[in-house]
Amino acid sequence: MKEIRVGIAGLGRLGKVHAENLAFHIPGVRLTAACSIVSEELSFARDRLGAESVFSDYDEMLSKAELDAVVIVTSSPLHCKELKKALECGKHVFTEKPLGVNVEECKEAEKAVEAHPDRIFFLGFMRRFDPSYLYAKKKISEGAIGRPYLVKATGIDPESAVEGAIRFAPTSGGLYIDMASHDIDLMRWFLGSEAREVYALGANFKHPEFPEAGDVETGCALYQFRNGAIGMLHVGRTAAHGYHIETEIVGTEGSIRISPTPAKNLALLYDKRGVVTECVEGFPERFREAYRNEMQEFIRCVRSGEQPEVSVYDGTRATELSFATTKSFREKRPVAL
């Protein structure tokens, strides 16, 4: 089995998750190089992960390290140009979402991918690789709930992390652009259709800093899909109990609910508060297995030459829908897609 040599760019919270998976948990992979502008992160890559070489400059890593593939987990504004450079250097590419910070960048990324059809391009919509979501997709494909016609998606960050969200609000692009892309992608995936119209609302009751930054702490949106199906979205930043991700797919013959309680595990705690289910506290914990599964699939595609199911066009569509949802919220009207 040929060893796949991988370089990673970006070693923040999610970058470390991907880097540790590459270094320790995926057979046939060697984490050859790491790139970061933070010296402590480079020390982590060298000393903890065993990266053979570390770089503070992305272009230098591409030119000097012997790599088969590059994993991009840098800040969002860098994704488009970095994936393009990696493809032009003949590397296979995994990039975290978003594909680009606007639709124009996404179109540029599409052209770059189309220009290198012999290279694997993989976009990090990890929820498609979560065991529960994969199971739901399989059951839907088998006809277990008949024809799906409604997806209800909830994604709320924990109140414990709200200070970071407040600091990020002025540059985040807004609640929907920041938080809705995974749920939008799942709606398209489960319903097998594209949205044709969206109407979005927002509300703020707890943290005045959000409206001061032109944003809100909670938002809801209603999508009409081209096949007649409906999507209902609820995103926010103030879950008191932890990181709340919940999805329900309703069909003509039944429904499937995923994570109605965002449980940490299957244990129940019996104490003076009653019967308590402890909840997950953030996305690295909730989607730990999904992140590992998607990276394994990326490596499998690199090895086999098979293009992944998640495409560059999925990234563009999620971005288009996120911006349309934001426009609907700001202009207080339905927006056609």
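Notes on the structure in this doc start here. (Residues numbered from 1 in each chain as written. Predicted model: local features only at pLDDT ≥ 70, side-chain atom pairs only at ≥ 80, totals over all residues. Heavy atoms only, no water.)

**So, the overall build of the chain**
When helices and strands are tallied, the chain shows 13 helices and 15 strands. Across its three principal axes, the chain shows a C-alpha extent of roughly 50 × 50 × 45 Å. Residue burial in the chain is summarised as follows: out of 337 residues, 51% are buried. Considering only contacts in the chain between residues 6 or more positions apart, those separated by 24 or more positions represent 71%. Of note, the chain has its 43 positive side-chain charges centred 2 Å away from the centre of its 49 negative side-chain charges. (Helix = DSSP H or I, 4+ residues; strand = E, 2+ residues; numbered from the N terminus. Buried < 20%, exposed > 50% of the residue type's maximum accessible area, 1.4 Å probe, protein only. Contact = heavy atoms within 4.5 Å. Lys, Arg positive; Asp, Glu negative; His and termini not counted. Charge placed at Lys NZ, Arg CZ, Asp CG, Glu CD.)

**Let's talk about a nonpolar patch on the surface**
Where nonpolar side chains cluster on the molecular surface, the patch consists of Leu222, Ile230 and Met232 and spans about 240 Å² of accessible area. One can find leucine 222 in strand S9 (residues 218-225). Look at leucine 222 and you get partly exposed, because its relative accessible area is 47%. (Patch = residues over 30% accessible without salt bridge, like charges linked within 9 Å, V, L, I, M, F, W, Y side chains within 5 Å. Areas by Shrake-Rupley, 256 points an atom, 1.4 Å probe, with all protein chains shown as cover. Salt bridge = Lys/Arg side-chain N within 4 Å of Asp/Glu carboxyl O.)

**Quick word on the packing of helix H4 (residues 79-88) against helix H5 (residues 103-114)**
Remark: H4 packs on H5, axes separated minimally by 9 Å, with the N-to-C direction vectors making an angle of 10°. Taken together, the axes of H4 and H5 lie roughly parallel to each other. Contacts between H4 and H5 involve Cys80, Leu83, Lys84 and Leu87 from the former and Glu105, Glu108, Ala109, Ala112 and Val113 from the latter. The class makeup of the residues in the contact of H4 with H5 is six nonpolar, no polar and three charged. (Axes fitted to C-alpha atoms, helices over the stretch in contact; angles between N-to-C directions. Parallel < 35°, antiparallel > 145°, perpendicular 65-115°, else oblique. Nonpolar A, V, L, I, M, F, W, Y, C, P; charged D, E, K, R; others polar.)

**Details of the sheet that holds strand S7 (residues 148-158)**
Taken in spatial order, the seven strands of this open sheet run S12-S11-S7-S10-S9-S8-S15, and their pairing is mixed. Either end of the sheet is taken by a strand with one partner, and the two such strands are strand S12 (254-258) and strand S15 (335-336). Sheet topology note: the strand S8 (residues 195-203)/S9 ladder contains eight bridges and is antiparallel. Bridge pairing links glycine 202 to glycine 219 in S9. (Pairing = 2+ DSSP bridges.)

**Things to note about the environment of aspartate 183**
In this structure, aspartate 183 sits in helix H9 (residues 181-191). For the pair formed by aspartate 183 and glutamate 246, sequence separation is 63 residues and the distance between their alpha carbons is 9.6 Å. Setting aside residues no more than four positions away along its own chain, aspartate 183 makes contact with Arg127, Ala153, Thr154, Gly155, Leu233 and Val235.

**Section: the packing of aromatic side chains**
All chains considered together, the criterion is met by eight aromatic pairs. Each ring, one from phenylalanine 94 and one from phenylalanine 122, has its centre 5.5 Å from the other, and the planes form 20°; the classification is stacked. With a gap of 28 residues between them, phenylalanine 94 in strand S5 (residues 92-96) and phenylalanine 122 in strand S6 (residues 121-124) connect regions that are remote in the sequence. Assigned by exposure class, phenylalanine 94 and phenylalanine 122 land together as buried. Consider the rings of phenylalanine 122 and phenylalanine 129, whose centres lie 5.6 Å apart with planes at 35°: the pair is tilted. On the accessibility criterion, phenylalanine 129 (14% relative accessible area) is buried. Over the ring of phenylalanine 44 we find lysine 16, and its NZ or CZ is 5.2 Å from the ring centre. (Phe/Tyr/Trp six-rings, centres within 6.5 Å; stacked < 30°, edge-to-face > 60°. Lys NZ or Arg CZ within 6 Å of the ring centre and 35° of its normal.)

**Digging into the sheet that holds S5**
With parallel pairing, the six strands of this open sheet are ordered in space as S3-S2-S1-S4-S5-S6. Two strands close off the open sheet at either side, each with one partner strand: strand S3 (53-55) and S6. Neighbouring strand axes in the sheet, compared pairwise and without regard to direction, differ in orientation by 20° on average. Bridge count between strand S2 (residues 29-35) and S3: three bridges; the pairing is parallel. Considered in S3, the bridge of cysteine 35 is made with phenylalanine 55. Of the strands in this sheet, strand S1 (4-9), S2, strand S4 (69-72), S5 and S6 touch helix H12 (residues 288-304), which is tilted by about 160° from S5.

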